[in-house]
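# Structural characterization, general
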Amino acid sequence: MATTTASLDIPASPDRVWQLIGGFDSLPDWLPYIPASELSDGGRVRSLRNEDGGVIVERLEAFDNKARTYSYSILQAPFPVTGYLSTLTVHETPGQDAARVEWSGAFTPDGISDDEAIALFHGIYADGLAALNRTLSGSRVPRTSRPSPPAPPVRPAPTGRR
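Being a predicted model, the structure only gives us computed values, none of them experimental. Counting from 1, residues in each chain are numbered in the order their sequence is written. Given that the model is predicted, a residue must reach a pLDDT of at least 70 before its local features are reported, and side-chain atom pairs must reach 80 or more before they are shown or counted; all residues, however, enter totals for whole chains, interfaces and linings. Each side-chain value is worked out from all heavy atoms of the structure, with water and hydrogens disregarded.

## A closer look at the packing of helix α1 (residues 14-21) against helix α3 (residues 114-136)
Axes, fitted as lines to C-alpha atoms, cover a helix only where it is in contact. Angles between the N-to-C directions of the axes lie from 0 to 180 degrees. Strands here are runs of E lasting at least two residues and helices are runs of H or I lasting at least four, both read from the DSSP assignment and numbered beginning at the N terminus. Two elements in contact, α1 and α3, have axes whose closest approach is 11 Å; the angle formed by their N-to-C orientations is 110°. Comparing the axis directions of α1 and α3 gives the class roughly perpendicular. As α1 runs across α3, the sense of the crossing is right-handed. Across the interface between the two elements, R16, V17, L20 and I21 of α1 pack against L132, T135 and L136 of α3. Convention used here: angles under 35 degrees read as roughly parallel, angles over 145 as roughly antiparallel, angles from 65 to 115 as roughly perpendicular, and any remaining angle as oblique. For any pair of crossing helices, the crossing counts as left-handed if the nearer helix is rotated counterclockwise from the farther one by less than a right angle, and right-handed if it is rotated clockwise. Contacts: residue pairs with any heavy atoms within 4.5 Å of one another.

If you want it as structure tokens, here you go:
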């Protein structure tokens, strides 16, 4: 089994970070790679669509709101691994108004080496945490607060022949 962990200190309170990422359906709010998410099975399964239209189905395995952490497994995905279990956690940073966000995973490579699988998921986690930091800094607008697209221009009705 291979494992990897990425972490990032973010200049926002742990509560603010958890408010954004703590919902199992919240990935589209901060992770551009995942523009769509739909919950099923009473909120315990999420069906994600990535930028390329690929489908990823994940099951919530554990959730602890007080500890600001949840774990999930992959049920279906285009990734060359099996037995995937990942955990996303927001930690307090003592003496600072900042949070350390940690994203870790354990998995068994299928058809690729441990190093290749580790590089794949470490890249996903590190890129995801960088996107989270951009969202919290205001340089990316979360899905839930995006304005509606502008309405098409209204053209006056024809008034007759000229």
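And the narrative resumes.
## Some words on the nonpolar core
Take the buried Ala, Val, Leu, Ile, Met, Phe, Trp, Tyr and Cys residues and link them wherever side-chain atoms come within 4.5 Å; each set so joined is a nonpolar core. Exposure classes here rest on a 1.4 Å probe applied to the protein chains alone. A residue is buried below 20% of its type maximum, exposed above 50%, and partly exposed in between. In terms of nonpolar packing, the biggest core is built from 35 residues, with V17, I21, W30, Y84, V101, W103 and L132 touching the most fellow members. Where this core is concerned, the elements lending two or more residues are β1 (2-10), α1, α2 (27-30), β4 (55-64), β5 (69-76), β6 (81-92), β7 (99-109) and α3. Broken down by element, the residue count for this core peaks at 7 residues, all from α3.

## A look at the packing of aromatic side chains
Put simply, two rings from Phe, Tyr or Trp (the six-membered ring, in Trp's case) pair if the centres are within 6.5 Å, and we call them stacked under 30 degrees between planes, edge-to-face over 60, tilted for the rest. Summed over all chains, the structure comprises 12 aromatic pairs. Plain terms: the ring middles of Y70 and Y72 are 6.1 Å apart, the flat faces sit at 50° to each other, and that makes the pair tilted. The buried category is assigned to Y70, whose relative accessible area is 1%. For Y72, a relative accessible area of 2% corresponds to the buried category. Here Y72 and Y84 contribute two aromatic rings whose centre-to-centre distance is 5.9 Å and whose plane-to-plane angle is 45°, an arrangement assigned as tilted. Residue Y72 is found in strand β5, and its partner Y84 is found in strand β6; the two are separated by 12 residues along the sequence.

## Re the pattern of salt bridges
Basic side-chain nitrogens of Lys or Arg form a salt bridge, by our definition, when they fall within 4 Å of a carboxyl oxygen of Asp or Glu. A complete count under the given rule lists 6 salt bridges for this structure. A salt bridge links D41 to R44; its shortest N-O distance comes to 3.2 Å. Owing to a relative accessible area of 37%, D41 belongs among the partly exposed residues under this scheme. A salt bridge links R68 to E92, with the shortest nitrogen-to-oxygen separation between them at 3.8 Å. Placement of R68 in the loop between β4 and β5 and of E92 in strand β6 is noted, with a sequence separation of 24 residues between them.

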